[in-house]
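Geometric and topological summary
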Amino acid sequence: MNIVKDRQFGILMKAGRPVTYIPSPSTISRDIKVAFHACQQRIDKILREHNGHVHFATDAWTSPNHRAMVAWTVHLHDKGNILVFLLDVLEVPE
């Protein structure tokens, strides 16, 4: 089942505003891919142009369904702002 097509999801999203338009699953999928690509390019540009230190971190955990996961993040200061980017999340094979 696709969550966007789920009846209860539709009810939740329209709570308080019944005229809310919920796009199709293919529209949402396309938009997420476009946004991901744009963010990926922006993060790449920031990291390539950054002249200061960058710090990498990892975190590992077990999900409620007993799957081991690990995430990589990068942390840096850019123009007075602390930036943190999630680089990847992977399931650890058994």
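Anything mentioned here points back to the structure above.
What you see is a predicted model, and the numbers here were worked out from it, not measured in a lab.

1. Things to note about the environment of His75
With respect to the element layout, His75 can be found in strand E2 (residues 68-78). Linking His75 and His55, residues 20 residues apart in sequence, is a C-alpha distance of 5.0 Å. Ignoring any residue separated from it by four or fewer positions in sequence, one finds His75 in contact with His53, Val54, His55, Ala57, Leu83 and Val84. Looking at His75, its side chain comes within polar contact range of the side chain of Thr73, at 2.8 Å.

2. Overview of the sheet that holds E2
The strands making up a sheet associate through hydrogen bonds between their backbones, and the pairing can be parallel or antiparallel. Taken together, the 3 strands give an open sheet; going across it, the order is E1-E2-E3, and neighbouring strands pair in antiparallel fashion. The open sheet has two free edges, formed respectively by strand E1 (55-62) and strand E3 (81-91), since each of these has just one partner strand. On average, adjacent strands in this sheet sit at an angle of 20° to one another, irrespective of strand direction.

3. Quick word on the nonpolar core
Of all hydrophobic cores here, the largest spans 6 residues; its members are Ile43, Ile46, Val74, Leu76, Leu83 and Phe85. For this core, the secondary-structure elements that each account for two or more residues are helix H2 (25-49), E2 and E3.

Definitions and limits used
Residues numbered from 1 in each chain as written. Predicted model: local features only at pLDDT ≥ 70, side-chain atom pairs only at ≥ 80, totals over all residues. Heavy atoms only, no water. Helix = DSSP H or I, 4+ residues; strand = E, 2+ residues; numbered from the N terminus. Contact = heavy atoms within 4.5 Å. Polar contact = N/O pair within 3.5 Å; in protein donor to acceptor, adjacent residues only side chain to side chain. Pairing = 2+ DSSP bridges. Axes fitted to C-alpha atoms, helices over the stretch in contact; angles between N-to-C directions. Core = buried A, V, L, I, M, F, W, Y, C linked by side-chain atoms within 4.5 Å. Buried < 20%, exposed > 50% of the residue type's maximum accessible area, 1.4 Å probe, protein only.

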